Amino acid sequence: MRTVPAETTRMKTAASKISSFVDRRQALVYPAPAVIGLFLIVVIPIGYNLYLAFTKWTIGLGDPRFIGIDNFIELFRDDRVLNGLKVMIYFSGLSLTLELVLGLLIALYFHREFKGSEIVQAIYIFPFAATPVAVALIWRIMLNPEIGVLNYLLTSIGLPGSLWISSAATVVPALVMVDVWKWTPMITLIVLAGLKSLPNDPYEAARIDGANTLQIFWYITLPLIRPVLIAALMLRSLDNLKEFDIIYTITQGGPGVASETLYLYSYKVAFGFFKAGYGSALMVVVFLIVLVFNVVMNRMRLSAQDI
Amino acid sequence: MGMFFMANGSRITKLFRSTLFYIGAVALCLPPVFVFVWMILTGLKTGVQNISYPPQFIFSPTLENFRAVFAQYNFFKYLMNSLIVASLATGLSLLLGLPAAYSIAKYRQGRIGVLILVARMTPFVSYLLPWYIIFRYLNLIDTYTALTITHLIITLPMVIWLMISFFESVPAELEDAAMIDGCSSLQSFRIIVLPLVRNGIATSAIISFIFSWNQFLFSLILSGPKTKTVPVAVYNFISYGKIDWAGIGAAATLIVLPVSIFAFFVRKSIVQGLTMGALKD
């Protein structure tokens, strides 16, 4: 193919040797730095974390001591683990449901192009990119039950105010509100991309058959969009089940432990009490929850695709 | 009414529909705009105005908080720290991620995707603990190195996923032609392929920058007085007993403004960075 240039007859320099190696082994050489990098910064820490889960170790005091599955037995005796699980299910169940439903409705709204929809969309997705800690702090000011602007607005239109984050009964819904405000745009954008790629034929057929808007949505759009909805839910769950910034900034898990998710508790165990072994065991549990949830959802997604 | 409707059927429906759309537009814009405006207002009020009830909507604004944030809290240093870490993380992500994404797109190396998925699924605290221990041992707590390495955990997978789809759109014939003309693989990558995907590179750079800028958890533990980034700096406004709401308002505005402007330009692609190509199959 290539004509042999004169240089190759001379002693190959190191540089040209490397160059020709890269040419021959492109599929190996190009991804190598990133794969090695990810291995070092991702896989090794995960392995170390797993090892620590089977040890007892307070950071700064002596060395990790192998104790088998004692940490995992300890989980069942720890009230805050059960509490963390409950809070996690409450927070994630409520926020994911709301984000999915609202995200879908708003995506349907944007799917009909109208004058100015570009601008509305740009404003609507602002919370999505905004620095979580910064906006969560502003929410914390607004949610103050005594001087906060939200209660002022509610009472000035004749509605009762709420204790929001100051009461164990309302703290999780209040945090869900912030999470919905921040992350619904992500679901909307994913579903909107899905809606744009739907085939046109079923809609034409339905219109010829005289189906109304609601029927078209229920019998055509919803089944077609289901795989995308589940994919959006999976992606959102990756971050939502591990929500840290919003909860930590606004309540740090309080009042008491009323908004302390299992993930937040694992952080506190590791970096508040410096119990590396037990903290690691908790993190492994959080990882398994995320994994199982996503495996189940992926099954559902694949079967929804087959229909 | 019915006759009126029949006579002007399509026009009335159209008017009704567009009115509905504008009501929807207002409803959708209100929550983000309100929080954004309240953030700026909080920054423009005095400390006393911020804790007065009822909350003040009309007042004579002061820039004092913005001055204080720089003068007392040394905020310029934190902005620089964030800028340095986000730039390093983005630069390294591109350096490592571009060739990898190109190869994945060209040779269909799907297995690397599994590694990226694992990286995304693992709780950040699971990385943080080992990294904290390692960096403590190596005396690297409170250094740009520690922050950049941990931020790469987030930005590198993101850059790779974003770039795969951009590289897939590059026609293979162009490279073949370059090879026949005697270009080495690296030359054709640099001279032919990369310029074709420069929009994608700009997009992934911006998105990577935003996510590094916004990162809180890693910086909370691994940074210190020397390398504190802006999310940690603004969070510290509340951890000294009394809370400086006015300062938080001003600082939050300074932090959110640059990423909001960036996000505006990449809003179409930002989803793809997070969806990891899930929509394609």
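This structure is a prediction, so every number in the text was calculated from the model and none was measured.

Student: Would you mind going over the overall build of chain B with me for this structure?
Tutor: Scanning chain B from terminus to terminus reveals 15 helices and zero strands. In terms of C-alpha radius of gyration, chain B reaches 25 Å, well past the compact-globule figure of 19 Å for 281 residues. The principal-axis extent of the C-alpha atoms belonging to chain B is close to 75 × 70 × 30 Å. Across chain B, every contact between residues at least 6 apart in sequence was considered, and the portion connecting residues at least 24 apart equals 78%.

Student: Sorry if this is basic, but what is going on with the overall build of chain A here?
Tutor: If you tally the helices and strands in chain A, you get 15 helices and two strands. Over its C-alpha atoms chain A spans a radius of gyration of 26 Å, topping by over 25% the 19 Å that the globule rule assigns to 307 residues. Considering only C-alpha atoms, chain A reaches an extent of 90 × 70 × 35 Å along its principal axes. Looking at chain A as a whole, 41% of its 307 residues are labelled buried. At a minimum sequence separation of 6, the contacts of chain A that also span at least 24 residues come to 70%.

Student: What is the right way to look at the interface of chain A and chain B in this model?
Tutor: Often, the extent of an interface is quoted as the loss of accessible area on bringing the components together. Contacts between the two partners involve 74 residues from chain A and, on the opposite side, 77 residues from chain B. Classifying every residue of the side of chain A that touches chain B gives 57 nonpolar, 12 polar and five charged.

Student: Explanation requested: the environment of B:Phe167 in the structure shown.
Tutor: All names here are of chain B. If you trace the backbone, Phe 167 turns up in helix α8 (residues 144-168). Phe 167 sits in the partly exposed class, given 19 other C-beta atoms within 10 Å. Note: C-alpha distance between Phe 167 and Trp 245 (78 residues apart in sequence) is 47 Å. Phe 167 has contacts with Ala 101, Tyr 102, Ala 105 and Val 197, leaving out every residue within four places of it along the chain.

Student: In this structure, what is going on with the domain arrangement of chain B? I would like to understand it.
Tutor: Residue and element names in this part refer to chain B. Taken domain by domain, chain B consists of domain 1 (2-64) and domain 2 (72-275). Computed over C-alpha atoms only, the centres of domain 1 and domain 2 are separated by 34 Å. Each partner contributes residues to the interface: domain 1 has nine residues there, and domain 2 has eight residues. Only α2 (9-44) and α3 (47-50) provide two or more residues apiece to the side of domain 1 that touches domain 2. Sorting elements by how many residues they give to the side of domain 1 that touches domain 2 places α2 first, with four residues. Within the side of domain 1 that touches domain 2, the residues separate by chemical class into three nonpolar, five polar and one charged.

Student: I would appreciate a short explanation of the confidence of the model for chain B in the present structure.
Tutor: The predicted coordinates should not be examined in detail at positions where pLDDT is low. Residues and elements named next belong to chain B. Of all residues in chain B, 91% have pLDDT values of 70 or greater, and the mean over the chain is 86. Counting contacts from residues 1-8, a segment whose pLDDT is below 50, to residues more than four positions away or on other chains yields one contact. Interface confidence in the predicted complex, given as ipTM, is 0.88; pTM for the same model is 0.89.

Student: What's the story with the packing of helix α3 (residues 32-52) of chain A against helix α7 (residues 124-137) of chain B in this structure? I'm lost.
Tutor: Packed helices, taken two at a time, are described by the angle their axes make and the gap between the axes. Across the interface, α3(A) lies against α7(B) with an axial gap of 8 Å and an inter-helix angle of 85 degrees. Judged by the angle between their axes, α3(A) and α7(B) are roughly perpendicular. Contacts between α3(A) and α7(B) involve A:Pro45, A:Ile46, A:Tyr48 and A:Asn49 from the former and B:Ser126, B:Tyr127, B:Leu129, B:Pro130 and B:Trp131 from the latter. By residue class, the composition of the contact of α3(A) with α7(B) is seven nonpolar, two polar and no charged.

Student: What am I meant to see in the pairing of strand β2 (residues 61-66) of chain A here?
Tutor: Along any regular strand the residues' side chains alternate between the sheet's two faces. Residue and element names in this part refer to chain A. Counting buried residues in β2 gives zero out of six residues, a small share hidden from the surface. Here three bridges tie strand β1 (residues 55-58) to β2, and the two strands are oriented antiparallel to one another. Bridging across to β2, Thr 55 finds its partner in Phe 66. With antiparallel pairing between neighbouring strands as the criterion, β1 and β2 make up a hairpin whose turn holds two residues, including Gly 60 at a positive phi of roughly 95 degrees.

The rules behind these values
Residues numbered from 1 in each chain as written. Chains lettered and ligands numbered in written order. Predicted model: local features only at pLDDT ≥ 70, side-chain atom pairs only at ≥ 80, totals over all residues. Helix = DSSP H or I, 4+ residues; strand = E, 2+ residues; numbered from the N terminus. Rg over C-alpha atoms; globule rule 2.2 N^0.38 Å. Contact = placed C-beta atoms within 7 Å. Buried ≥ 20, exposed ≤ 12 C-beta atoms within 10 Å, placed from the backbone. Nonpolar A, V, L, I, M, F, W, Y, C, P; charged D, E, K, R; others polar. Domains from an automatic or database assignment. pLDDT = per-residue confidence, 0-100. Axes fitted to C-alpha atoms, helices over the stretch in contact; angles between N-to-C directions. Parallel < 35°, antiparallel > 145°, perpendicular 65-115°, else oblique. Pairing = 2+ DSSP bridges.

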